[in-house]
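Geometric and topological summary
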Amino acid sequence: MDSCRIPANASKCSGNTMECFMVLSTQAQKISIGILCGLFGTMCVFENSLVLYLIFSSPGIRKKPSYLFIGSLALADILASIIFVCSFVNFHVFNEVGFSKEVFLLQLGGVNTSFSASLSSLLLTALDRYISISRPSEYKLLMTRKRAWTALAVLWVTCATIAGLPLLGWNCCTLDSACSELFPFVDDNYLSGWVCFVVVLLGCIVYAYAHVLWRARQHVAYMEKHQAQAGKQNSRMRMDVMLAKTLAMVVAVLMLCWSPVLVLMIYSIFGRLSDRLRKVFAFCSTLCLLNSMVNPIIYALRSKELFSSLRRVWSHFRRQLKAPEESPEAESTHKSSVIETICEDTHAV
């Protein structure tokens with residue numbers, strides 16, 4: 001596919017060059033990508049929708065800033081799954097190129113916004129956990145629902161603005177600059193800036209959780225030395241420690257899923273990718289969906305509040321299935337049978 005290398009002239013913005021980015025050459029590769037995207041995307045939408053329902057259907061949970069940030073993470077993962085799967089499968093599996101540069105950059109902006117918002121939500125959650133553990137007596141004063149909603153608004157606006165820059169003019173067609181080898185119409189300098197943005201987010205998340213886990217270990221040691229002072233304070237500390245460990249697991253999975261993609265993006269900026277590496281990048285991109293699918297599973301297994309809410313929803317659902325006799329048809333049939341029995345008894349008397 002060296003003949004499809006993007007030339008340094010105006011033809012790099014033509015519709016024909018989009019075919020050069022369709023790196024899946026065999027039917028088996030296309031079927032594999034389609035199955036992975038379909039499986040991961042469907043599970044991701046279902047699981048994160050369930051998380052959103054559990055959070056916002058429970059008054060006690062949705063009032064907590066921690067779960068507002070987790071709700072933002074779930075929403076970002078839902079949007080990322082829908083936009084990514086639709087655009088990725090349409091492009092790489094069905095080889096659809098019948099859309100304009102603006103439409104492609106709009107789809108790419110949607111994917112970038114969602115994934116950036118997902119990472120930023122994890123960062124806000126890390127900061128929230130750090131404040132809760134390091135300054136528990138001032139937590140409710142520092143982390144109010146109003147401040148949480150304000151932080152989320154700033155987060156989404158910032159991510160959407162950064163992701164929309166190519167559509168607003170920062171692309172290799174408008175600037176007549178070097179195009180990326182991984183994404184059509186994307187300027188290499190923009191890709192470098194976006195990768196730096198993501199790396200900074202990941203670095204801040206890791207740094208924040210290093211402090212969170214360090215403070216968590218301090219609290220564990222404190223509780224072991226002051227067992228006699230058990231109560232709400234210690235109970236809350238234990239809850240914060242557990243949630244901190246849970247979100248540390250989320251970050252570990254995040255790094256494992258995102259590292260291959262980021263490494264290949266960085267390599268494409270400084271060198272030329274072979275056809276084989278570009279195919280590897282296409283398959284590694286599905287790991288981002290895997291990350292979005294795994295996050296809710298970690299919440300359900302580690303968060304007692306969400307797990308309790310899930311059990312209540314499941315119990316209610318089972319009761320609905322086991323109570324068909326409460327339907328109007330069953331109730332009328334039951335009443336008529338009772339009346340017939342009474343009439344028979346009356347005649348017998």
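Residues numbered from 1 in each chain as written. Predicted model: local features only at pLDDT ≥ 70, side-chain atom pairs only at ≥ 80, totals over all residues. Heavy atoms only, no water.

Per an unreviewed UniProt entry, the protein is named Cannabinoid receptor 2, and its organism is Serinus canaria. Its UniProt record, at the heading Sequence similarities (unreviewed entry), says of the protein: "Belongs to the G-protein coupled receptor 1 family." (UniProt positions renumbered as here; feature names shortened; annotations may be inferred.)

With that out of the way, let us pick up the state of the cysteines. According to the stated counting rule, one finds one disulfide in the structure shown. Through a disulfide, Cys-172 is tied to Cys-179; the S-S separation comes to 1.9 Å. Between Cys-172 and Cys-179, the S-S torsion sits near 90°, and that sign places the bridge as right-handed. We note that Cys-172, like Cys-179, is buried. (Disulfide = S-S within 2.5 Å. Buried < 20%, exposed > 50% of the residue type's maximum accessible area, 1.4 Å probe, protein only.)

The next point concerns the side chain of Asn-171. Relative to the helices and strands, Asn-171 is located in the loop between helix H7 (165–168) and helix H8 (172–175). You can call Asn-171 buried: its relative accessible area is 2%. One polar contact links the side chain of Asn-171 to the main-chain amide nitrogen of Cys-173, over a distance of 3.1 Å. The residues contacting Asn-171, other than those within four sequence positions of it, are Lys-101, Leu-105, Pro-166, Ser-177, Phe-185 and Asp-187. (Helix = DSSP H or I, 4+ residues; strand = E, 2+ residues; numbered from the N terminus. Polar contact = N/O pair within 3.5 Å; in protein donor to acceptor, adjacent residues only side chain to side chain. Contact = heavy atoms within 4.5 Å.)

Evaluated as defined, the whole model comprises eight aromatic pairs. Between Phe-115 and Trp-258, the aromatic rings sit 5.3 Å apart at their centres with planes inclined by 85°, giving edge-to-face as the arrangement. Here the residue Phe-115 occupies a position in helix H4 (residues 101–134), and Trp-258 occupies one in helix H10 (residues 232–270), the gap between them amounting to 143 residues. Neither Phe-115 nor Trp-258 differs from the other in exposure class; each is buried. Relative to Trp-258, the ring of Trp-194 has its centre 6.5 Å away and its plane inclined at 40°; by these criteria the two rings are tilted. Here the residue Trp-194 occupies a position in helix H9 (residues 188–225), and Trp-258 occupies one in helix H10, the gap between them amounting to 64 residues. On the basis of relative accessible area, Trp-258 is assigned to the buried category, the value being 4%. (Phe/Tyr/Trp six-rings, centres within 6.5 Å; stacked < 30°, edge-to-face > 60°.)

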